[in-house]
Amino acid sequence: MKDIILYGAGKRGKYYANVLYEHGIEIAGFCDSYKVGNIMLNTGGGKKPIFDLKEIDGGKFNIIIAIADPDEFEKVSRKIAEYKINIITLEQGVFQGKSSIEANREYIAEYHIDKMNFYFDLAEEDKSMDVFWCENSPFKKLFQQLDLTRVVELACGRGRHVQKYIMHAQNIILVDILEKNIDYCKKRFKDENKIQYYVNNGFDLSQLHTDSCTALFTYDAMVHFEMLDIFQYLKETKRVLAEGGKALFHHSNNTKNYKITFSTGSQGRNYMSKQLFAYLANRAGLTVIEQHEIDWGEDKKLDCITLVGNF
Ligand SMILES: C[S@@+](CC[C@H](N)C(=O)[O-])C[C@H]1O[C@@H](n2cnc3c(N)ncnc32)[C@H](O)[C@@H]1O
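About the criteria used
Residues numbered from 1 in each chain as written. Predicted model: local features only at pLDDT ≥ 70, side-chain atom pairs only at ≥ 80, totals over all residues. Heavy atoms only, no water. Phe/Tyr/Trp six-rings, centres within 6.5 Å; stacked < 30°, edge-to-face > 60°. Helix = DSSP H or I, 4+ residues; strand = E, 2+ residues; numbered from the N terminus. Buried < 20%, exposed > 50% of the residue type's maximum accessible area, 1.4 Å probe, protein only. Lys NZ or Arg CZ within 6 Å of the ring centre and 35° of its normal. Contact = heavy atoms within 4.5 Å. Axes fitted to C-alpha atoms, helices over the stretch in contact; angles between N-to-C directions. Parallel < 35°, antiparallel > 145°, perpendicular 65-115°, else oblique. Left-handed = near helix turned anticlockwise from the far one by under 90°. Nonpolar A, V, L, I, M, F, W, Y, C, P; charged D, E, K, R; others polar. Near = heavy atom within 4 Å. Polar contact = N/O pair within 3.5 Å; in protein donor to acceptor, adjacent residues only side chain to side chain. Areas by Shrake-Rupley, 256 points an atom, 1.4 Å probe, with all protein chains shown as cover. Salt bridge = Lys/Arg side-chain N within 4 Å of Asp/Glu carboxyl O. Pairing = 2+ DSSP bridges. Arc of directions from axis to C-beta.

Undergrad: For this particular structure, what's the right way to read the packing of aromatic side chains?
TA: Note on aromatic pairs: each is described by the distance of the centres and the angle between the planes. Evaluated as defined, the whole model comprises 18 aromatic pairs. Look at Y107 and Y111: their rings are 6.2 Å apart centre to centre, the planes differ by 35°, and that puts the pair in the tilted class. Here the residue Y107 and the residue Y111 both occupy positions in helix 4 (residues 100-114), the gap between them amounting to four residues, near one helical turn. Ring centres 5.4 Å apart and planes at 55° place the aromatic pair F249 and F277 in the tilted group. Of the two residues, F249 sits in strand 11 (residues 241-252) while F277 sits in helix 11 (residues 274-283), which places them 28 residues apart along the sequence. We note that F249, like F277, is buried. Of note, R158 hangs over the ring of Y184, and the distance from its end group to the ring centre comes to 4.9 Å.

Here it is in structure tokens:
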């Protein structure tokens, strides 16, 4: 395995160095378009040199670009390519030896174990909940079209949405890749007898029977997922939905650069678009009923919600 150099010796570069160090990987050093000398890391192996890109041997090193600005990122990638040095993502650096899809999936899941506590607290506040559940919300309008006789909530997190629909549902199946989140939900809803729990593998619903559910939805999670995992989930949705069932997906509409991943996309939005999602749903055998591009914070049309049916 080649050693890693981070291109970008700023805040992001130091953060990446620490993430890699937490996974037992010590970087060889940095490159930077503006800085020279050494960088002192609080964790991540102490003092690290800033190399001149011209001196880097592509046979020995991979480079991870740690630059937030997308234009600067592209400029630097072209420069690195001219020197025939391989560029990898932070996810590939952390989970070396795995395919990029597996590495990205694992990175997203692992990030939610303890780096998201602030998110889960904030997410329970009225302002965050209103995005999905206030009267004029486009989410609410589409959600009302779901038949909640047997509904799957995919990537349920700590179950904040359950309180908004449990009174209308007969059976609920909460699915998440993280055991920690499912355990949290089990405690939170210990007095409810209509909920089943399922820790899945991050891309299928193999424990659910074919034609067994009337609805499926997922909020604020699929925006991060890999497109190829989304296709797996769409095929699984087609399989588990009974005829006439519907599913509602909140997904990314971030097409800025096909190379983005969870760690580099704006607000963690992975590469996906309204049209690509419709294509994938169609190829999975689902009918696209309605799609709405939506703003996420300051980012115009960063996300999209898509309602599909199994007809
Ligand atoms: C940002 S949280 C949102 C949780 C919840 N949907 C909400 O709105 O509060 C994203 C959730 O997706 C889960 N997750 C991440 N990757 C997943 C995958 N490939 N399959 C299923 N769940 C996943 C995480 O464990 C986390 O619970």
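Undergrad: I keep staring at the environment of I56 and nothing clicks. Help me out?
TA: Relative to the helices and strands, I56 is located in the loop between strand 4 (47-51) and strand 5 (61-65). In the structure, I56 is positioned 27 residues away from Y83 in sequence and 8.4 Å away in space, judged by C-alpha atoms. The contact partners of I56, leaving out residues within four places of it in the chain, are I5, C31, F51, F61 and I85.

Undergrad: Just to check I follow, could you spell out the packing of helix 10 (residues 227-240) against helix 11 for this structure?
TA: When two helices pack together, their arrangement is given by the angle between the helix axes and by the axis-to-axis distance. Across the interface, helix 10 lies against helix 11 with an axial gap of 9 Å and an inter-helix angle of 40°. Taken together, helix 10 and helix 11 sit at an angle that is classed as oblique. Relative to helix 11, the crossing made by helix 10 is right-handed. Contacts between helix 10 and helix 11 pair M227, I230, F231 and L234 from the former with L276, F277, L280, A281 and R283 from the latter. The residue inventory of the contact of helix 10 with helix 11, partitioned by class, reads eight nonpolar, no polar and one charged.

Undergrad: I keep staring at the site of the ligand and nothing clicks. Help me out?
TA: Neighbouring the ligand are 20 residues; A155, R160, D176, Y219 and Y233 lie closest to it. Between the ligand and R160 there is a distance of 2.6 Å, counted from an oxygen atom to a side-chain nitrogen or oxygen. Take Y233: an N or O atom from its side chain is 2.6 Å from a nitrogen atom of the ligand. In the complex, 99% of the free accessible area of the ligand, which totals 590 Å², lies under the protein chains. Of the residues in the shell around the ligand, the class split is 11 nonpolar, six polar and three charged.

Undergrad: Sorry, what's going on with the pattern of salt bridges here?
TA: Two side chains bearing opposite charge may form a pair once their charged atoms approach each other closely. By the definition in use, this model includes 16 salt bridges. Between R78 and E74 there is a salt bridge; the shortest N-O distance is 4.0 Å. A residue pair is termed a helical-turn pair when its members lie 3 or 4 positions apart in one helix, as R78 and E74 do in helix 2 (residues 70-82) at four residues. Accessibility expressed as a relative area gives 51% for R78, which makes it exposed. Among the charged side chains, a salt-bridge network with shared partners connects R160, D220, R269 and D303.

Undergrad: What is the right way to look at the pairing of strand 4 in this model?
TA: Looking along a regular strand, one sees side chains alternate from face to face of the sheet. Here strand 4 shows one buried face, formed by K48 and I50, and one open face, formed by K47, P49 and F51. Across two bridges, strand 2 (residues 29-31) lies against strand 4 in parallel orientation. When the bridges of strand 4 are listed, F30 appears paired with I50. Two strands pair when backbone bridges link them, and strand 3 (residues 38-40) and strand 4 are joined in this way by three bridges, in the antiparallel orientation. Its bridge partner lying in strand 4, I39 is registered against K48.

Undergrad: Where do I start with helix 9 (residues 179-188) in this structure?
TA: Within the sequence span of helix 9, burial applies to N181, I182 and C185. Angularly, the buried residues of helix 9 cover 100° about the axis, an arc narrow enough to put them on a single face. Opposite the packed face of helix 9, turned more than 90 degrees from it, sit the exposed residues E179 and K187. Looking at the buried residues of helix 9, the elements they touch are helix 5 (117-123), strand 8 (171-176) and strand 9 (195-199).

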